[in-house]
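# Inside the fold
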2 protein chains.
Amino acid sequence: MLVEQKVTRRPLEQELISRGVRMTAQRRLLVEIIQSAEGHLDALDLWERARKHDSTLNKVTVYRTLNMLKKHGLVDELDLLHMRSGRHFYEARTMRDHIHLACLRCGRIQEFESSLFEKLKGQIERERRFRIQVVRVEAGGLCDKCQE
Amino acid sequence: MLVEQKVTRRPLEQELISRGVRMTAQRRLLVEIIQSAEGHLDALDLWERARKHDSTLNKVTVYRTLNMLKKHGLVDELDLLHMRSGRHFYEARTMRDHIHLACLRCGRIQEFESSLFEKLKGQIERERRFRIQVVRVEAGGLCDKCQE
DNA sequence: GTACTTGCAAAGATTTTGCTTCCAA
DNA sequence: TTGGAAGCAAAATCTTTGCAAGTAC
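Reference entry: report on the structure contained in this document. (Residues numbered from 1 in each chain as written. Chains lettered and ligands numbered in written order. Predicted model: local features only at pLDDT ≥ 70, side-chain atom pairs only at ≥ 80, totals over all residues. Heavy atoms only, no water.)

## Side note on the overall build of chain A
Summing up its helical and strand segments, chain A has 5 helices and 6 strands in all. Starting at the N terminus and walking to the C terminus, you meet the elements of chain A as α-α-β-α-α-β-β-β-β-α-β. With respect to the principal axes defined by its C-alpha atoms, chain A has extents near 45 × 40 × 25 Å. Counting the 148 residues in chain A, one finds 49% classified as buried. When the accessible surface of chain A is split by element, carbon and sulfur atoms take 46% of a total near 8000 Å². One finds the centroid of the 28 positive side-chain charges in chain A at a distance of 5 Å from the centroid of its 22 negative side-chain charges. (Helix = DSSP H or I, 4+ residues; strand = E, 2+ residues; numbered from the N terminus. Buried < 20%, exposed > 50% of the residue type's maximum accessible area, 1.4 Å probe, protein only. Areas by Shrake-Rupley, 256 points an atom, 1.4 Å probe, with all protein chains shown as cover. Lys, Arg positive; Asp, Glu negative; His and termini not counted. Charge placed at Lys NZ, Arg CZ, Asp CG, Glu CD.)

Next up, the structure:
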């Protein structure tokens, strides 16, 4: 079985440049934060982190950059089962789709990869002749630590 | 293989009464609309339909009722890949989980059930010792009709 | 009767838009 | 140089909250 680590296609900045997107200092900063983030950030998290490096960076620029990245399919937008109502979380798109497991008690987010998931996607594409571009799977429940 | 139709556990109103939830005319109306809706409604759709029967029903009551149903796990809250940014869609919870296929060109939403999906949930529960309470799968792409 | 629910108005939270100035290519 | 991007302020959306009045059980 092919086991691949969580690997982005290539650095987001490279990807953007090759697509003819104009690189500004703000975009470089935001993209760097998204890429190196361990967890899932929402727009405000991202803004707060960015402001530590560039205190003049505007919140609107964060939203516009996220929209640009979404349009290019370079980030995934999650809402993690609306645990924090209304907020959207972002992560750099990886080579391999993964499932998000959100513990509804402690809030921990785990990621899960599975060849069954890949098979399921194949089944959808075949049986419905549906060309999948993005998939999002979010499961909510109790993680192992919260079941004691 | 067990093939089950899309069947709700039992009428939502019954379910609510048995749980000791106070039934008002407003709740009866909203619950009836949710249950008999063919598609996926957002809060405003729901409000508009409800107002045709009770023009005094307030939008806030819609939000409060949806929150109550969510808390009881009787509706699922979807965002259908943020096709309409910010909006949440609701559907009565059915016995069997299903996958939503959202065509990013024409906007059509299809539903898909699969035993592979059930297996995948089993795998998550076993391998991560994660007790799943809700699952949401949304795939975005091109439906058969939009691929010509 | 009493606790829960509704309507109304107002506030909150998140995201988008208009417009001017600035800057990457 | 020039079209695209950023900053700022304001608007647009969607959702929640506080409180008085009404109602289910």
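## Some words on the pairing of strand E3 (residues 89-92) of chain A
All names here are of chain A. Here E3 shows no split at all, with Phe89 and Glu91 on one side and Tyr90 and Ala92 on the other all buried. As paired elements, strand E2 (residues 75-78) and E3 share 4 bridges and run antiparallel to each other. Bridge pairing links glutamate 77 to tyrosine 90 in E3. (Pairing = 2+ DSSP bridges.)

## Some details on the protein's contact with DNA strand D
Taken together, 22 residues lie around DNA strand D, and Arg22, Gln26 and Thr61 of chain A together with Tyr63 and Arg87 of chain B are the ones closest in. A share of 66% is what sugar and phosphate atoms reach among the atoms of DNA strand D within 4 Å of the protein. Taking threonine 24 of chain A, its side chain carries an N or O atom lying 2.9 Å from a phosphate oxygen of DNA strand D. The side chain of asparagine 67 of chain B places a nitrogen or oxygen atom 3.0 Å from a phosphate oxygen of DNA strand D. Of all elements in the fold, only helix H2 (25-36) and helix H4 (59-71) of chain A together with helix H3 (43-53) and helix H4 (59-71) of chain B reach the threshold of two or more residues within the surface near DNA strand D. Looking at which element gives the most residues to the surface near DNA strand D, the answer is H4 of chain B, with 4 residues. (Near = heavy atom within 4 Å. Polar contact = N/O pair within 3.5 Å; in protein donor to acceptor, adjacent residues only side chain to side chain.)

## Topic: the sheet that holds strand E1 (residues 41-42) of chain B
Residue and element names in this part refer to chain B. In spatial order, the strands read E1-E3-E2; together these 3 strands make up an open sheet with antiparallel pairing. Only two strands of the sheet have a single neighbouring strand rather than two, namely E1 and strand E2 (75-78). In the packing of H4 onto the sheet, contacts are made with E2 and strand E3 (89-92), and the angle to E2 comes to roughly 110°. (Contact = heavy atoms within 4.5 Å. Axes fitted to C-alpha atoms, helices over the stretch in contact; angles between N-to-C directions.)

## A short note on the relation of the copies chain A and chain B
Superposing chain A onto chain B takes a rotation of 180° combined with a translation of 0.0 Å along the rotation axis, leaving an RMSD of 0.0 Å. Such a combination of rotation and displacement between the chain copies is what one expects of a two-fold axis. Measuring from the rotation axis to each C-alpha of chain A, the shortest distance belongs to valine 137 of chain A, at 2.2 Å. An overlap of 100% is found between the interface residues of chain A and their copies at the interface of chain B, pointing to a shared contact surface. (Least-squares fit on C-alpha atoms with pLDDT ≥ 70 in both.)

## Here we look at the sheet that holds strand E4 (residues 99-103) of chain A
Here we have 6 strands laid out as an open sheet, ordered E5(A)-E4(A)-E6(A)-E6(B)-E4(B)-E5(B), and mixed in their pairing. Of all strands in the sheet, those bounded by a partner on one side alone are strand E5 (109-112) of chain A together with strand E5 (109-112) of chain B. Here the strands of the sheet are splayed against their neighbours by 20° on average, with no regard to which way each runs. When E4 of chain A meets E5 of chain A, the two strands line up antiparallel, connected through 4 bridges. Its bridge partner lying in E5 of chain A, leucine 101 of chain A is registered against glutamine 110 of chain A.

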